[in-house]
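# Fold and geometry: a report
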Amino acid sequence: MTDTVVTSRSREVVIGFDQPFVVIGERINPTGRKVLAAEMKAGDYHRVVDDAVAQVAAGAHMLDVNAGIPLADEPGILAEAVKLVQSVTDVPLSIDSSIVAALEAGLAVYQGKALVNSVTGEEERLESVLPLVARHGAAVVAISNDETGISEDPDVRFEVARKIVERAQDHGIPASDVVVDPLVMPIGAINSAGKQVMRLVSRLRAELKVNTTCGASNVSFGLPNRGGINSAFLTMAIGAGLTSAITNPLNDSIMQAVSGADVMMGHDPDCVRWIGKYRETAASGAQRSRRDRPRRRRRG
């Protein structure tokens, strides 16, 4: 079975078919977070540090670090964010940018084997990102779209993924170091989006034998109770073969869904992690319930 190994200075994380599901914390991303974007642009990284520490404490196995801020020095900001996050946590990072110079700056300061997020099937992107990934000995996220855009046909997206895997091998990057993103679309806009992903993930696992990831929160965009939709999606996607996701570890329902899916997939032998996580919670809840009961008056 395929294993994708990524490392920090002191910790190794394995993304794989027979491994527990890997949660990649999504919160260090200024997109849609105006306050964070303004702070990072001004050189204030206190929220980045707080988000990094909180996500790891909540159970994230890796962290995605993004510095996509318009009209800002993205390479410099991303490099500084990577250094700071590595100084306060020991988990591996996904270095996330659409700008090659920013990816290069992040990789230059990174300690360990990073996951580069990302490369697409566009020729220009393939020839600029893959040599960089190979030079740094990193792993890479392969997003299954190309010059034609994002197809709603999962078979078309599969062929784009195949192309990226083959081109990566041409650059000396093994398939085990390519983690394919099948592209999750908002289900509120495209009602078949969930079924598309399940079908594609199954093919990627069975035919290309590659690991997979996605921006899980995309599926619930525009809907109420997004955590509930995200949790349902992740449980089903893990059953279909998804091996990691960029998502919010601070959402309890998401983390509970992931832990439960690990149990169902046999990736938590004897339910040891589930019991360790939830037995204490259940016991403390029962104790609080007993304490909160009204006391009966004794009859004289």
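Refer to the structure presented above.
Attention in this report is confined to the structure presented alongside it.

Reading the values: the criteria
- Residues numbered from 1 in each chain as written.
- Predicted model: local features only at pLDDT ≥ 70, side-chain atom pairs only at ≥ 80, totals over all residues.
- Heavy atoms only, no water.
- Phe/Tyr/Trp six-rings, centres within 6.5 Å; stacked < 30°, edge-to-face > 60°.
- Helix = DSSP H or I, 4+ residues; strand = E, 2+ residues; numbered from the N terminus.
- Lys NZ or Arg CZ within 6 Å of the ring centre and 35° of its normal.
- Axes fitted to C-alpha atoms, helices over the stretch in contact; angles between N-to-C directions.
- Parallel < 35°, antiparallel > 145°, perpendicular 65-115°, else oblique.
- Left-handed = near helix turned anticlockwise from the far one by under 90°.
- Contact = heavy atoms within 4.5 Å.
- Nonpolar A, V, L, I, M, F, W, Y, C, P; charged D, E, K, R; others polar.
- 1 Å grid on protein atoms, 1.4 Å probe; cavity = no way out; pocket = protein on both sides within 12 Å on 5 of 7 lines; lining within 4 Å.
- Points joined across faces, edges and corners; volume = space filled by probe spheres on them.
- Buried < 20%, exposed > 50% of the residue type's maximum accessible area, 1.4 Å probe, protein only.
- Polar contact = N/O pair within 3.5 Å; in protein donor to acceptor, adjacent residues only side chain to side chain.
- Pairing = 2+ DSSP bridges.
- Salt bridge = Lys/Arg side-chain N within 4 Å of Asp/Glu carboxyl O.

### Details of the packing of aromatic side chains
Both the distance between ring centres and the angle between the ring planes are used here to describe each pair of aromatic rings. Taken as a whole and judged by the stated rule, the model has one aromatic pair. Here the aromatic rings of Trp 274 and Tyr 278 are separated by 4.4 Å at their centres, their planes lie at 45 degrees, and the arrangement is tilted. In this pair, Trp 274 and Tyr 278 both sit in helix 10 (residues 272-292), four residues apart, roughly one turn of the helix. Against the face of Phe 158 rests Arg 203, its NZ or CZ located 3.8 Å from the ring centre.

### So, the packing of helix 2 (residues 46-57) against helix 3 (residues 74-88)
The geometry of helix 2 relative to helix 3 is characterised by a closest axis approach of 9 Å and an angle of 45 degrees between their N-to-C directions. In terms of axis orientation, helix 2 runs oblique to helix 3. Note that helix 2 runs across helix 3; the crossing there is right-handed. Two secondary-structure elements touch here, helix 2 through Val 48, Val 49, Ala 52 and Val 53 and helix 3 through Leu 84, Val 85 and Val 88. Within the contact of helix 2 with helix 3, the residues separate by chemical class into seven nonpolar, no polar and no charged.

### Examining empty space enclosed by the protein
If you walk through the whole model with that rule in mind, you get one cavity of 30 Å³ or more. Together, 13 residues line the largest cavity, and Phe 17, Gln 19, Leu 242, Thr 243 and His 267 are the ones closest to its centre. Residues of the lining of the largest cavity, tallied by class, amount to six nonpolar, five polar and two charged.

### Considerations on the side chain of Thr 2
Relative to the elements of secondary structure, Thr 2 occurs in the segment before strand 1 (3-7). The class for Thr 2 is buried, based on a relative accessible area of 13%. Here the side chain of Thr 2 touches Lys 209 through a polar contact of 2.5 Å, landing on its backbone oxygen.

### Here we look at the sheet that holds strand 4 (residues 62-66)
Each strand in a sheet pairs with its neighbour through backbone hydrogen bonds, running either in the same direction (parallel) or in the opposite one (antiparallel). Ordered by their spatial adjacency, eight strands build an open sheet running 9-8-7-6-5-4-3-10, and the pairing between neighbours is parallel. In the strand order of this sheet, the two ends are held by strand 9 (211-212) and strand 10 (244-247), each with one partner. Alignment of strand 3 (residues 22-28) against strand 10, held across four bridges, turns out to be parallel. Paired with Ile 24 across the strands is Ile 246, a residue of strand 10.

### Side note on the pattern of salt bridges
Applying the stated criterion across every chain yields a total of 15 salt bridges. Two residues, Arg 11 and Asp 90, come together in a salt bridge whose shortest N-O distance is 3.0 Å. Taken together, the residues Arg 11 in the loop between strand 1 and strand 2 (12-16) and Asp 90 in the loop between helix 3 and strand 5 (93-96) connect sequence positions 79 residues apart. The shortest N-O distance in the salt bridge between Lys 83 and Glu 80 comes to 3.6 Å. Of this pair, Lys 83 and Glu 80 both sit in helix 3, three residues apart, roughly one helical turn. Each of the salt bridges in this network shares a partner with another, and the network as a whole consists of Glu 123, Glu 127, Lys 163 and Arg 167.

Structural measurements only, silent on function.
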